[in-house]
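Examination of the molecular architecture
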Amino acid sequence: MRIQLLAALTLGCVPAFALEWPASFRSEAAATARPVGGMFNRNGHPPNIERANILRKRYVQHDFSTESTEDRQIRRSRAQAIKDGFIYAWEGYKKYAYGSDEIDVLGKIPRTTRNGWGATLVDALDTLWIMGLKDEFWMARNFVANIDFRKDGGQLTKVFETNIRYVGGLLSAYELSEDSVFLQKAVELADILMPAFNTPLGLPWQMLNVTTGAGSSETPGKSSTNLAEIGTFQMEFFRLSQLTKNATYHEAAQNVITVMLNNNSPQDPRSNYVIPGLYPIEFDMLTGKFLSKTTYWGGGGDSFYEYLAKTWILSDFMLERNIDMWSESIQAFKHYSVAESSDGFLFPGFVDGTKFYPYTDTFTNFIPGTLGLISRIVGSDTYFGLAENLMEAGYSVFDRMPSSLGAESIKFVRKNVPSDFLAMTPQSQDEVNKFGFSLERPYYMLRPELLESLFYMYRLTGKVMYADRVWKVWQGIQRNCRVADGYVGTANVSADASVTGIYNSVDSTESFFFAETFLYLYLTFADQDTISLDQWVFTTEAHPLSRKYIFDGTF
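Since the structure is predicted, the reported quantities are computational estimates derived from the model, not experimental observations.

What counts as what
Numbers given for residues are sequential positions, taken from 1 along each chain in its written order. This being a predicted model, a pLDDT of at least 70 is required before a residue's local features are given, and a value of 80 or more before pairs of side-chain atoms are given or counted; all residues contribute to the totals for chains, interfaces and linings. Hydrogen atoms and water are omitted, and side-chain values are computed over all heavy atoms in the structure. By the criteria applied, helices consist of DSSP H or I runs no shorter than four residues and strands consist of E runs no shorter than two, each listed in order from the N terminus. Our radius of gyration is a C-alpha quantity, and the globule rule it is checked against amounts to 2.2 Å times the number of residues to the power 0.38. The buried label applies to any residue whose accessible area, calculated with a 1.4 Å probe on protein chains only, is under 20% of its type's maximum; exposed applies above 50%, and partly exposed to all values in between. We define a salt bridge as a side-chain nitrogen of Lys or Arg found within 4 Å of a carboxyl oxygen belonging to Asp or Glu. Criterion used throughout: strands pair if DSSP finds at least two bridges between them.

Turning next to the overall build of the protein chain. Across its full length, the protein chain carries 20 helices and 22 strands. Relative to the 2.2 N^0.38 estimate, which gives 24 Å for 555 residues, the radius of gyration of the protein chain is 23 Å and therefore close to what a compact globule would have. Projected onto its principal axes, the C-alpha positions of the protein chain cover 65 × 60 × 60 Å. Residue burial in the protein chain is summarised as follows: out of 555 residues, 63% are buried.

All told, the structure shown has 31 salt bridges when counted by the stated rule. A salt bridge links R75 to E67; its shortest N-O distance comes to 2.8 Å. Residues R75 and E67 agree in their burial class; the two are buried. The residue R165 makes a salt bridge to E510 at a minimum N-O spacing of 2.9 Å. A residue pair is termed long-range when its members are at least 10 positions apart, and R165 in helix α6 (residues 159-177) and E510 in the loop between β20 (505-506) and α20 (511-525) qualify at 345 residues. When its relative accessible area of 19% is taken as the criterion, E510 is described as buried. Each of E67, R72, R75, R76 and D527 takes part in a single network of salt bridges with overlapping partners.

Further remarks concern the sheet that holds strand β3 (residues 157-158). Spatially, three strands are ordered β3-β4-β5 in an open sheet, and the strand pairing comes out antiparallel. Lying at the two open borders of the sheet, with one neighbouring strand each, are β3 and β5 (215-216).

Coordinates in, geometry out; function isn't part of it.
What follows is the structure, encoded as structure tokens:
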């Protein structure tokens, strides 16, 4: 029977992303209790228990036991340097903005951008713990205990961002410290967010008034949203259901996928869903239908695909529909959503219908890490090779810049497609001739995605090359983004402050800089048993959630 999933693993004997399951490796046994949403794949097959038992015993992180004394000393000195950088930035936040959402580093004032609940503080809780800054962690814990999530700071709540930054941060802090205050606050906030799902199809509004429970689109009068925003509740809500034994959270997150699949079909000629596995990024939350044919694994789509794979891992390999969809999606991505550039790099792009456009943003840099992780778990050398190729392309965008920092987005010229070059402006053509791509948005906003994937590739392969690349990016951040009392973005990555001085800064220091960028920087050089990939799985906001829980299909 045809099931578009990764093949069951018999210690690497079966190709990992095959279209058929061997009949002998399928399990017909369903959970004895009523299974939760997502347990059965789209053909109605239950989880493969035999495969799950094999995967639970599979280790993917590289064995670093042969690391030389010299390499260990270099690595640990780099970890300390990055920790010192974090402390420098944290002291600026404490001095001018403690308990606020963000610090305006250049203005030395606090900013309210996420309802005034202390987004930077909550988002960075796990970073504080993992870096061993326990005094700061417990001080932050006391602040968290007194947050009033019903006071909205005069702002509507962005439901997606609130989930990944606040709920995810609180859950991770709970699992690391085992302090029940963090779980209590995570449940409290999640319950406040749940009215966003009170819509005709159960799809969440983008914005929520936390005092009234009224939801709305980010664009007034519209009902549109995007794939990432509706599809990035799965990990946090699954773990909430596990910890509270309340399936409501998980079912709300899984219902999004059910509605999406039930209302869109590539077999329907009227549907905007054209390529099986590539889901358009524009979505109408009232009709459940895609609003365009544009598919993209970068901004607007990225974390939806990430959560298909990672929630499967978090579920102890039991959410069969998730991995069914991921397998179909990654095969479609490999076929339709990447192209070789004129200088030999394999870049992602976006697809409108079936037409490829050679444009990519920094958000696509999450793909090598997530794909590398899942490929190692299922034993696919082919797809790990794809991850390695994508990693080279993503890093080239940073490596070719004098600043060692990458642009927010670029356009590239496909191999043997000269029309890509001819369609560009003269300035873009000059940039292609100089760098190999044009800088569409030439700024760097302290984003973590490239560092994230380099961290994964280092932990998965043990190749020092990846760690050295992380260090080079960190040095670029130090030269171009470090100012008095913290770090800010830089407006032009094609110029380096060692030559020009820091003069064209972007005064933005979002909470993810403390939560993600610094964490992936530090973990690359920390001792490798610190948040091992065999014991933890990261959310899209880099909040590690434990893999220690056994899941039998019920809460």
